[in-house]
Amino acid sequence: MQSWALVTGATVGIGESFTRLLAKNGYNIVLVARDLPRLQERAKSLESTFGIATKVIQADLATDAGCKSIEDFITNNQIDVLINNAGFGLNKAFTMSQLDAEQQMLDVLVRTPMRLMHVALPGMKERNKGVVINVSSVAGWIAGGTYSASKSYLTVLSESLHTELAATNVKVSALCPGFTRTEFHQRGGMSMKGLPAFMWLNSDKLVATAWKEAIAGKAVSVPGWQYQLLSFVVHSTPRALVRKIGMNVRIKQRQK
């Protein structure tokens, strides 16, 4: 029986990098995203390049129906690898943003990965085999609005499940990247002027690191020496200062 991996947000950036890495490792791929033409294009490319099978599911994970459609698919199909990658950011302060937009982000970043793991993990546990990687962020270490809060939730839940399943062969890991060259910031309308070049990560490289570390049983993967150093600094710095720095970063991102 061939192994299948399901990747949300599979058409661009980190999600796309995961689909190529997993296909290269022989996994068949279920690609989940909103853009059907792009899904079909990516699936065709994976099939022709790596000789694997694919399935595409068009779903808006900000909606109950979209999330339920992926839950149902996982319930009815064996998924050996789950990559919770779908996400987006908002470029407005919490007190100035639209409530619907805040709720949609919460649904995509928190509700959906929680529910997909809740459906997928019992089967993985029963088979004593499986990998779940939740794409979180170093933003979860700072106080940067709903996005930071959501990523903090995802990292902590990943750590909890990693510990809960430590006696099994099921791997759960949080990937916490820093600034990565994808469409994320452009889509969110965020200004990245002035960010030094050395702070940018390559999507393919960080995904390769995350996969290697997840398989090795690491609970949290922080690719890049610059963000490993940042992790140490943040966790060693008084929280009041971390809050101030985090807010300054968000304010700069909102400047056009």
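The structure under discussion appears in the preceding block.
Given the structure is predicted, the values throughout are model-derived calculations rather than measurements.

## Thoughts on helix H7 (residues 203-215)
Turning to step 1, where the next piece is worked out: Look at H7: 18 Å from first C-alpha to last across 13 residues, which is about the 18 Å you get at 1.5 Å a residue.
Turning to step 2, where the next piece is worked out: Those residues of H7 that fall on the buried side of the exposure criterion are Ser203, Leu206, Val207, Ala210, Trp211, Glu213 and Ala214.
Turning to step 3, where the next piece is worked out: Contacts from the buried residues of H7 go to helix H1 (13-24), strand S4 (81-84), strand S5 (130-135), strand S6 (170-175) and strand S7 (220-221).
Turning to step 4, where the next piece is worked out: The N-cap residue of H7 is Asn202: its side-chain oxygen and the backbone nitrogen of Asp204 are 3.0 Å apart.
Turning to step 5, where the next piece is worked out: Within two residues after H7, Gly217 carries a phi angle of roughly 90°, on the positive side.

## Structural notes on the packing of aromatic side chains
For any pair of aromatic rings, the description consists of the separation of the ring centres together with the inter-plane angle of the planes.
Turning to step 1, where the next piece is worked out: Taken as a whole and judged by the stated rule, the model has one aromatic pair.
Turning to step 2, where the next piece is worked out: Taken together, a centroid distance of 6.0 Å and an interplanar angle of 85° make the contact between Tyr27 and Trp211 edge-to-face. Of the two residues, Tyr27 is situated in the loop between H1 and strand S2 (28-33) and Trp211 in helix H7; the sequence distance between them amounts to 184 residues.
Turning to step 3, where the next piece is worked out: The ring of Trp4 carries Lys55 above its face, with NZ or CZ at 4.9 Å from the centroid.

## Considerations on the nonpolar core
Turning to step 1, where the next piece is worked out: Residues Phe18, Leu22 and Ile29 are the most contacted members of the largest nonpolar core, which totals 37 residues.
Turning to step 2, where the next piece is worked out: Counting 31 residues, the second largest nonpolar core, distinct from the first, contains Leu6, Ala62, Ile79 and Val108.

## Regarding the pairing of S2
Turning to step 1, where the next piece is worked out: With respect to burial, S2 is a largely interior element, six of its six residues being buried.
Turning to step 2, where the next piece is worked out: The two faces of S2 match: Asn28, Val30 and Val32 on one face and Ile29, Leu31 and Ala33 on the other face are all buried.
Turning to step 3, where the next piece is worked out: Pairing geometry for strand S1 (residues 4-8) and S2, over five bridges, is parallel. Among the inter-strand pairings, Ala5 is bridged to a residue of S2, identified as Ile29.
Turning to step 4, where the next piece is worked out: For the segment spanning S1, H1 and S2, crossover handedness is right-handed.
Turning to step 5, where the next piece is worked out: Pairing analysis gives five bridges linking S2 to strand S3 (residues 54-58), with the strands arranged parallel. Looking at the pairing, Leu31 lines up with Val56 of S3.

What counts as what
- Residues numbered from 1 in each chain as written.
- Predicted model: local features only at pLDDT ≥ 70, side-chain atom pairs only at ≥ 80, totals over all residues.
- Heavy atoms only, no water.
- Helix = DSSP H or I, 4+ residues; strand = E, 2+ residues; numbered from the N terminus.
- Expected span 1.5 Å × (residues − 1).
- Buried < 20%, exposed > 50% of the residue type's maximum accessible area, 1.4 Å probe, protein only.
- Contact = heavy atoms within 4.5 Å.
- Polar contact = N/O pair within 3.5 Å; in protein donor to acceptor, adjacent residues only side chain to side chain.
- Phe/Tyr/Trp six-rings, centres within 6.5 Å; stacked < 30°, edge-to-face > 60°.
- Lys NZ or Arg CZ within 6 Å of the ring centre and 35° of its normal.
- Core = buried A, V, L, I, M, F, W, Y, C linked by side-chain atoms within 4.5 Å.
- Pairing = 2+ DSSP bridges.
- Right-handed = clockwise from strand over helix to strand, strands pointing away.

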